[in-house]
Amino acid sequence: MRRKLITGNWKMNGGLASNAALLSAVKSELGQPSCQVAVCAPAPYLAQCQQLLSGTQVAWGAQDVSAHDAGAYTGEVSAAMVKDFDCAYVIVGHSERRAYHGESDETVGRKAARAIAAGLIPIACVGETLAEREAGQTEQVVQRQLDAVLAQLAGNDLAKLVVAYEPVWAIGTGKTATPQMAQDVHAFLRGRIAARDAQAASGIQILYGGSMKPDNAAELLAMSDIDGGLIGGAALKATDFLAIVRAAA
Ligand code: 13P
């Protein structure tokens, strides 16, 4: 049985004081969750996460990582640097990075490989735009995005990957994929991974992201191939985030 994973993606939100308040509320109310829990914070706050979350049930991670190892890449943060702060996870290929920073499928694959080489678990995001869905291209798009990641990973590294299906039209819009729509894409993605490695495919966590909230989380998380959530807006409010964690139980 795959354990569920609920991960907050804070995006470019927060500050020292508000992060401390949020994490303190999450820690004090969390109890012993039956699912895995993590938050992905902006890079400057990874040290704060390490300080406040070490030894707790909440793991932490970054939101992006360089496709390069080290060197003259001003402004970039390497996987090894992220790992220095004991991060467990790093998101790669979020649609906001693809859209606003021109990240190609191939770049995302290289980032995933760098993350694994540094001992991090990449959460590789895939997802179609509204226009692509309406044109009937959903499977074609997510397959292309996933294959570019798989192409960069050695066979025995597949098991170290988390995939997140985030339909672009559902992110921050309040529109959610129906549980069945999401399930169909998740099953398709698992099938693609299974074509490469059936055993790894059965163990890989595939998260759903896109307006997951306390009121829709349980029905999404009940689907057989939905192994957790990548939560944006609702991860910024402790009560909402905790409600989603409980829905994953
Ligand atoms: P929202 O939950 O705000 O729609 O964001 C989803 C997301 O992009 C998580 O990575």
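Residues numbered from 1 in each chain as written. Predicted model: local features only at pLDDT ≥ 70, side-chain atom pairs only at ≥ 80, totals over all residues. Heavy atoms only, no water.

S.K.: Quick question: what am I supposed to make of the pattern of salt bridges here?
M.R.: Here the idea is simple: oppositely charged side chains can pair when their charged atoms come close. Using the criterion set out here, one finds 15 salt bridges in the structure. Between Arg2 and Asp225 there is a salt bridge, with its nearest N and O atoms 3.8 Å apart. Highlighted residues: Arg2 in the segment before strand S1 (5-9) and Asp225 in the loop between helix H10 (217-221) and strand S8 (228-231), separated in sequence by 223 residues. Among the salt bridges present, the one from Glu96 reaches Lys11, with a minimum N-O distance of 2.8 Å. Of this pair, Glu96 sits in helix H4 (residues 95-100) while Lys11 sits in the loop between S1 and helix H1 (16-30), placing them 85 residues apart in sequence. Its relative accessible area of 25% is what places Glu96 among the partly exposed residues. One salt-bridge network, in which partners are shared between bridges, spans Arg2, Arg190, Asp225 and Asp227. (Salt bridge = Lys/Arg side-chain N within 4 Å of Asp/Glu carboxyl O. Helix = DSSP H or I, 4+ residues; strand = E, 2+ residues; numbered from the N terminus. Buried < 20%, exposed > 50% of the residue type's maximum accessible area, 1.4 Å probe, protein only.)

S.K.: Whenever I open this one, the site of the ligand confuses me. Can you help?
M.R.: Around the ligand, the neighbouring residues are Asn9, Lys11, His94, Glu166, Ala170, Ile171, Gly172, Gly210, Ser211, Leu230, Gly232 and Gly233. In the environment of the ligand, an oxygen atom lies 2.8 Å from a nitrogen or oxygen atom belonging to the side chain of Lys11. Between the ligand and the protein, one listed contact pairs an oxygen atom with a side-chain N or O atom of His94 at 2.8 Å. Burial of the ligand by the surrounding chains reaches 96%, relative to a free accessible area of 310 Å². Its residues assigned to classes, the shell around the ligand shows three nonpolar, seven polar and two charged. (Near = heavy atom within 4 Å. Polar contact = N/O pair within 3.5 Å; in protein donor to acceptor, adjacent residues only side chain to side chain. Areas by Shrake-Rupley, 256 points an atom, 1.4 Å probe, with all protein chains shown as cover. Nonpolar A, V, L, I, M, F, W, Y, C, P; charged D, E, K, R; others polar.)

S.K.: Help me understand helix H5 (residues 105-117), please; the structure alone is not making it clear to me.
M.R.: For an α-helix, the turn length of 3.6 residues means that residues three or four places apart are oriented alike. With 13 residues, H5 ought to run about 18 Å at 1.5 Å a step, and its terminal C-alpha atoms sit 19 Å apart, in line with that. Residues of H5 that are buried include every one of Asp105, Val108, Gly109, Lys111, Ala112, Ala115 and Ile116, and no others. The buried residues of H5 occupy one face: seen down the axis, they fall within an arc of 160°. Turning to H5, the residues buried within the fold contact helix H3 (79-83), strand S4 (89-92), H4, strand S5 (121-126) and helix H7 (138-150). Of the residues trailing H5, Gly119 is marked for its positive phi of about 90°. (Expected span 1.5 Å × (residues − 1). Arc of directions from axis to C-beta. Contact = heavy atoms within 4.5 Å.)

S.K.: Would you mind going over the packing of H5 against H7 with me for this structure?
M.R.: Packed helix pairs are characterised by how far apart their axes lie and by the angle those axes make with each other. Where H5 meets H7, the closest approach of the two axes is 7 Å, and the angle between their N-to-C directions is 40°. For the element pair H5 / H7, the angle class is oblique. Our pair here, H5 against H7, has a crossing hand that is right-handed. Each of Asp105, Glu106, Val108, Gly109 and Ala112 in H5 lies in contact with H7, whose residues at this interface are Arg144, Gln145, Ala148 and Val149. Each residue belonging to the contact of H5 with H7 can be placed in one class, and the counts come to four nonpolar, two polar and three charged. (Axes fitted to C-alpha atoms, helices over the stretch in contact; angles between N-to-C directions. Parallel < 35°, antiparallel > 145°, perpendicular 65-115°, else oblique. Left-handed = near helix turned anticlockwise from the far one by under 90°.)

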